[in-house]
Amino acid sequence: MPKNTNIRSVLIIGSGPIVIGQACEFDYAGSQAARSIREEGIEVALINSNPATIMTDPINADYVYLLPLEKKSIVEILKKHQEMGRPIDAILPTMGGQTALNLAIDCEKAGIWAKYNVQIIGVDIKAIETTEDREKFRLLMLQLGAGVCKGRTARSFLEGKEIAQEIGFPLVIRPSFTLGGTGGGFVNTPEEFDNALTHGLHASPVHEVLVEQSVMGWKEYELELLRDNNGNFIIICSIENFDPMGIHTGDSITVAPAMTLPDTLYQKMRDLSITVMSGIGQFAGGCNIQFSVNPQTDDIIVIEVNPRVSRSSALASKATGYPIAKIAAKMAVGYNLDELMNPITGTTSAFFEPAIDYVIVKVPRWNFDKFPGADRSLGLQMKSVGEAMGIGRNFQEALQKACQSLEIRRNGLGADGRELTDRVALTESLQHPSWNRLFHIYDAFKAGMSFRTIQQLTRIDPWFLHQIEELIELEREIQQYDLEDLPPELLRIAKQKGYADRQLAHLLQVKESKIYNFRQDHNIRRVFKCVDTCAAEFEAQTPYYYSTFNNQLPITQDRPEPVSDLPGNESIRSNRKKVVVLGSGPNRIGQGIEFDYSCVHGVLAAKEAGYETIMINCNPETVSTDPDIADKLYFEPVFWEHVHAIIMHEQPEGVIVQLGGQTALKMAEKLTRYGIKIIGTSWDALDLAEDRGRFSGLLRDLNIPYPKFGTVRESEGAIELSRELGFPLLVRPSYVLGGQSMKIVINEQELEQHVMKILQDIPDNNILLDHFLENAIEAEADAICDGEDVYIIGIMEHIEPAGIHSGDSYAVLPTFDLSDDVIRQIEEHTKKIAVALKTVGLINIQFAIKNDADGKPIVYIIEANPRASRTVPFICKAYQEPYVNYATKVMLGDKKVKDFDFKPVKKGYAIKIPVFSFNKFPKVNKELGPEMKSTGEGIYFIDDLTDDYFQKVYSERNLYLSR
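Along each chain, residues carry numbers from 1 onward, in the same order as the chain's sequence is written. For a predicted model such as this one, the threshold for reporting local features is a pLDDT of at least 70, and the threshold for listing and counting side-chain atom pairs is 80 or more; totals across whole chains, interfaces and linings nevertheless cover every residue. Heavy atoms throughout the structure, all of them, feed into the side-chain values; hydrogens and water do not.

## Here we look at the overall build of the chain
- Strands are runs of DSSP state E lasting at least two residues, helices are runs of H or I lasting at least four, and both sets are numbered from the N terminus onward. The helix and strand tally for the chain stands at 31 helices and 33 strands.
- Radius of gyration: C-alpha atoms only; globule rule: 2.2 Å multiplied by the number of residues to the exponent 0.38. Since a compact globule built from 963 residues should have a radius of gyration of about 30 Å, the 28 Å found for the chain is in line with a globular shape.
- Three exposure classes are used, based on accessible area relative to the maximum for each residue type with a 1.4 Å probe and protein chains only: buried under 20%, partly exposed in between, and exposed over 50%. Across the 963 residues in the chain, those meeting the buried criterion constitute 65%.
- Residues count as neighbours in contact if any of their non-hydrogen atoms are within 4.5 Å of one another. Partitioning the intrachain contacts of the chain with sequence separation of at least 6 by distance along the chain shows that 70% fall at a separation of at least 24.
- As displayed, the chain has an accessible area near 34700 Å², and 47% of this comes from carbon and sulfur atoms.
- Only four residue types enter the tally: Lys and Arg on the positive side, Asp and Glu on the negative side; His and the chain ends are excluded. Working definition for charges: the position is that of NZ of Lys, CZ of Arg, CG of Asp or CD of Glu. With 100 positive and 130 negative side-chain charges, the chain shows a spacing of 1 Å between the two charge centroids. Where accessible areas are quoted, they stem from the Shrake-Rupley method and a 1.4 Å probe; at the residue level, only the protein chains shown are allowed to cover.

In C-alpha cells, the structure reads:
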C-alpha cells in the first residue's frame, strides 16, 4: 500500500549517550530514518539527550528535543505539539536501540500513546515483549518448530537452582530486557552458578533470567531481514561470526557474506527466518536473527531475534550498500518494498536481495588499557567500544584492511616484528579469548603450533584458520628473496591479500618507500571498485568505493597510466575542484562520535562552498560513512598508504585534517612532507601546539602564564627534573588523545614507575612533566580563527577541579562562578594564542585558574589544540549555531570570521554530562584522573544555578578525583 496519509508528523526516539553495547550505529539509523521520513513531506520531531551526534542536529529534523529519555519528556513534547496545533501522529521507536524501545514500552504501559492518540509504527510492541521475555520467546520458537537451547526462565534464586539441576552444566545465564549481554555469562560449575544467577537477576529490569544449556563452540550466524505490510520478505545480508558461540556478537570478528555456510543450510536458515519473523508479529520493518549451528550435526537453533534496527543493521547497510534504516522508515509510514526504489542504483526496485562480489570483515576495537584491572576476557557481555570494517576482494584482503584500520600501532595482521612467541602464553590466549586472540592465532602458526591444536583450542572453523595459515606460508616464500630479485607476481599476490607496503618492507628488511617504488615500476597499483548492492549487474548511482589490486594490469609498462584509465577501475575522477575530509576511524574512548559530527558538517559546508567532497573513513557505525553524505565515499582504512593512493588518484585542492580527531591529525606531517596541501591550520602550527618546548616558548613571548614543565626521554632525567619542578607532577606522553597514559604522581617512586610504563607502551616518545596545579578551577574555550580575527564560540567551566580529564568532567556553558576579570583573561589568552598559532579553523584551549600568593586569580594555559574538539558539537547544540560549518568555510578561504552574523541563543545554562560504562567492568576502580574513561555524554539544560540537578553534581565535585 502507498504512504499512510493519516501520518503527518512522527516522533523518533534516539538512543541517548554512547555506552558500551549501544553506540553510534543507532545515531546512523536515526539520522537516516529522519531524512527518509522528511522526504515524504512528513514532519519529524526527534528526542535524544546526546549532544555529540549528528542525529540531534537541526539538519535532520524539524524539531530537535535535547531532553532526558524519560516519560516526562515524551509527555512534554506531545503536549507542546498539541498546543502548537501540530500534534504528533506516530512514534518510531525502532531506531534508538534498547533505550528507545524500553521507553516506548513504558509509555505504552502508562497509557501515554493512547491518551495523545499516537500510533506506534515500525514495530509491534507484542513482538518486542515476545523476543525480550526469554520464556515467551522459547515457547514460541518451539511452537514454530524452530530449535532452541534447552532451558527455562527463573524469577527467583531458588527457581534458578532447580532449573540448573534439571539441565546440568555447562549453562548460560541470559537476563531479560538488557542490552549488550549485560549480566549474562557462562557457568561451568555449581560454585560459579550462585554468583552468576544473583548478578543476572539484579541486571534484568524485570528480575528474570533464562537459564539454558551452553552451546559454546558452536558456529554463529546472523541474517538481516526486511518485511513489508504485504508480507514480502528480503534477506539483506548473511553475517558469519569468525569466533564461535561464547563471545558476544559485538565483540566477535564478523564476516559478510557468510563464508562457511553451505547453500542447503543457508536456505534452511532463510526459511526459518521468515517463519520466525512471521510468528512473532505482522509488522513491517527490519529484523535481525541470530542462529547457532552445531558443526558436527548441522543442527540449527535460534539464539535471539531483534525485531528492530540492530547493531548489525548498520554493518549490513555499509556491507551491502542497502540502506536498511532508510527503507525500514519508509515502510513504517506505509510503503511496501515493491513501491520503493533502490537508492544505490536509482533504477531498480528496493524489493530485491543484495548480491555482493567482495568480502566484508568487521573487527571490534577495545579500550582495556583505560580500565586497569579489568577482566579482559571476552564472553557474553559486550566490552568493545567501537569497530572497524575492511572491504576486499577476498577474506584475507578485508581482514588485513580491518586490522590496519584499528589504530593499535599494528600495520595489519602481523608481519611487523611484534609477534608473541611464548608458547604457554599463546596457548592460554587461544583458549581464553581476549581482544588480541586474532593476532595470537597468526603468532601461533608462525611459532609452529599445529593446525589441529589451534583448532581444538579456539574451535574456530578450519576454513578461517587455513586463510591465516596461508598468509604465514606466503610470508615465508617472500622472505626467501631480496627486493631486487623478488618476482613481481609474488608481490602482487601479497597486495591482493591485503598486505600493506609497511608489512612487506618489514618482511624484506627495506624501507616502505622502496616497496612503493617497486610497485610503481612494475605497475602493481590500486584500482577502486564500487559498492553497488547488485554485484555490478546494474550501474550504481551512488559513488561508494573500496580499493583492491587487479589481475588485469600488465606487470611492466613504460608509463604508469592515470588510475581512472586502468582496467577494472570504477572510480572516475571528475574535473571539479575537490576537497578530502579525513574521518576519525573506529570509535574509542577519547575519540568518539563528536568527531564524526564535525566531519559530516565539514563535508556539507565544503559542498555549499562549491567543492566536490571526498570522505575517507572505515567506521561502519557512523553517519560520515553513509553514502548519501559526501559526493564520494572511500570506505578505506585511515592509514597512510590508502589515503595517499586516493589523494594521488583524485588530485584534490587539499585535505582537511582538523575534523577527524587524532586519527586525521596524525596524517598532517606526512601530507606536508609529500607536498599535499593541508586545508586550514598548517602542520607546523599543529606541531607547535603539541611540542611543549616550542609551545611554552610561544607562551613566554606572549607573556601568558603556564605551569612549570620539562621534557624527558628516560626515567633518570625525570627524577632530576622533578626536583626542579616540585611534586605533584602531571606526567604524559606527547601526541596522544584522551589523556592516554596521563597520570598525576606525588613522589619519585611513582614517577619512575610511570615513566618506565610509558616508554614500554610508546617507545621513542617525548614525556612531558608539568607541575600540577592542585585545587585549581578548570575551564576551556573553543574558537574560530581565520589567521587574523578570532570569534570565541563558547567558554565552559568544569564543575570538578583540575586533575580530571576534560572528557570526564561535568562542564557548564556559560561559566557559572568565574569573575569578569578571569573571563577577560581567558578571552585575551584565547585570541592571542589562536593568532600566534596562525590558526585557520577551530581551536580549543584549556585553562587552570589558581590564586597567586596575594589572592589574585591567575589563568594558566594547560594546552591548546588547533582542531575540532570534543566540546564543539555540545556548544553548537547549546547555542543553536552551526559553528563547524562556519569554521570549514574559513578553512577553505571561502569566508572570513567577520563575514558571519553570529547569533547564539543564550538562555540559562547547558551542562555536559559524562557517561561511563563501568558496569561492563565491575571490578574496576571508578576513580577519575587525567586519563579519559567516559564513553559518551549527555546534555542537560537548566534555567539557573538553584536547579537541584546542578546542586547535586556540584556537591559531589571532589568525589571521584584520583591520581
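Once the structure has been displayed, the description carries forward.
## Details of the nonpolar core
- Core analysis: the biggest nonpolar cluster contains 126 residues, and Ile 12, Met 95, Tyr 322 and Val 657 have the highest contact counts within it.
- Other than its neighbours up to four places away in sequence, Val 657 contacts Leu 582, Ala 664, Leu 665, Ala 668, Leu 671, Ile 678 and Leu 686.
- The term nonpolar core refers to a set of buried residues drawn from Ala, Val, Leu, Ile, Met, Phe, Trp, Tyr and Cys, joined through side-chain atoms within 4.5 Å. Counting 49 residues, the second largest nonpolar core, distinct from the first, contains Ala 388, Leu 399, Leu 413 and Ile 441.

## Some points on the pattern of salt bridges
- Any carboxyl oxygen of Asp or Glu that lies within 4 Å of a side-chain nitrogen of Lys or Arg is treated as forming a salt bridge with it. Per the counting criterion, the structure on display carries 48 salt bridges.
- Taking the shortest distance from any N to any O, the salt bridge between Glu 212 and Arg 174 comes out at 2.8 Å. Remark: Arg 174 occurs in strand β7 (residues 171-175) and Glu 212 occurs in strand β9 (residues 209-213); sequence separation between them is 38 residues.
- As a salt-bridge pair, Arg 588 and Glu 407 come within 3.2 Å of each other at their nearest N and O atoms.

## So, the pairing of β9
- Most of β9 is tucked away: four of the five residues are buried.
- Here, strands pair whenever DSSP counts at least two bridges between them. The pairing of strand β6 (residues 151-154) with β9 spans four bridges and is classified as antiparallel. Among the inter-strand pairings, Arg 152 is bridged to a residue of β9, identified as Val 211.
- Where β7 and β9 come together, five bridges link them in antiparallel fashion. Across the sheet, residue Val 172 finds its bridge partner in β9, namely Glu 212.

## Some details on unusual backbone geometry
- The peptide bond linking Ala 256 to Pro 257 adopts the cis configuration, its omega dihedral lying at -10°.
- With an omega of -5°, the peptide bond running from Phe 727 to Pro 728 counts as cis.
- Mapped onto the elements of the fold, Pro 728 is located in the loop between α26 (715-725) and β24 (729-733).
- For Asn 703, which is not glycine, the phi torsion reads 60° and is therefore positive.
- For Asn 703, the position within the fold is in the loop between α25 (692-702) and β23 (709-712).

## Quick notes on the sheet that holds strand β18 (residues 544-549)
- On the basis of which strands lie adjacent, the open sheet formed by six strands has the order β17-β18-β21-β20-β19-β22 and mixed pairing. Both outer strands of the open sheet, β17 (526-530) and β22 (654-656), are each paired with one neighbouring strand and no more. Neighbour-to-neighbour, the strand axes of this sheet turn through a mean angle of 30°, independent of strand direction.
- Looking at chain direction, β18 and strand β21 (residues 632-635) are connected through two bridges and run parallel. Looking across to β21, one finds that Tyr 545 is bridged to Tyr 634.
- Against the sheet, helix α20 (residues 593-608) contacts β19 (578-582) and β20 (612-617), and its axis sits at roughly 160° relative to β20. Axis definition: a line fitted to C-alpha atoms, limited for helices to the stretch in contact. Angles are taken between N-to-C directions and run from 0 to 180 degrees.

## Quick look at the packing of helix α1 (residues 24-38) against helix α11 (residues 324-332)
- The N-to-C vectors of α1 and α11 enclose an angle of 45°; their axes lie 8 Å apart at closest approach. Here α1 lies oblique to α11, going by the angle between them. Of the two elements, α1 crosses α11, and the hand of that crossing is right-handed. Side by side, α1 and α11 meet where Ala 29, Gln 32, Ala 33, Ser 36 and Ile 37 of the first sit next to Ile 324, Ala 325, Lys 326, Ala 329 and Lys 330 of the second.
- In the contact of α1 with α11, the residues fall into six nonpolar, two polar and two charged. For classification, angles of less than 35 degrees are called roughly parallel, those exceeding 145 degrees roughly antiparallel, those between 65 and 115 degrees roughly perpendicular, and all remaining angles oblique. Two helices crossing with the near one rotated counterclockwise from the far one by less than a right angle form a left-handed crossing, whereas a clockwise rotation gives a right-handed crossing. Three residue categories are used. Nonpolar comprises Ala, Val, Leu, Ile, Met, Phe, Trp, Tyr, Cys and Pro, charged comprises Asp, Glu, Lys and Arg, and polar comprises the others, including Gly.

## Focus: the packing of α26 against helix α27 (residues 748-761)
- Relative orientation of the contacting elements α26 and α27 amounts to 140°, with a least axis distance of 9 Å. Classified by the angle between their axes, α26 and α27 sit oblique to one another. Between α26 and α27 lies a crossing whose hand is right-handed. Across the interface between the two elements, Ser 715, Ala 718, Ile 719, Ser 722 and Arg 723 of α26 pack against Glu 748, Leu 751, Glu 752, Val 755, Met 756 and Leu 759 of α27.
- The residue makeup of the contact of α26 with α27, split by class, is six nonpolar, two polar and three charged.

## Side note on a negative patch on the surface
- Residues Glu 714, Glu 716, Glu 720 and Glu 752 make up a contiguous surface patch of negative charge.
- The residue Glu 752 is located in helix α27 in this model. Only residues whose relative accessible area exceeds 30% and that form no salt bridge are eligible for patches; like-charged ones are grouped when within 9 Å, while nonpolar side chains (Val, Leu, Ile, Met, Phe, Trp, Tyr) are grouped when within 5 Å.

## Digging into the environment of Ala 630
- Among the secondary structure elements, Ala 630 is positioned in the loop between β20 and β21.
- Assessed through its relative accessible area of 7%, Ala 630 is described here as buried.

## Brief notes about the sheet that holds β9
- Taken in spatial order, the four strands make up an open sheet running β6-β9-β7-β8, and their pairing is antiparallel. On the outer flanks of this sheet lie β6 and β8 (185-187), each paired with one strand and no other. Direction aside, neighbouring strands of the sheet carry axes that sit 25° apart on average.
- The sheet contacts of helix α7 (residues 157-167) involve β6, β7 and β9, and relative to β6 the element is tilted by about 170°.
- Sheet strands touched by helix α8 (residues 190-203): β6, β7, β8 and β9. Its angle to β7, the strand with the most contacts, is close to 20°.

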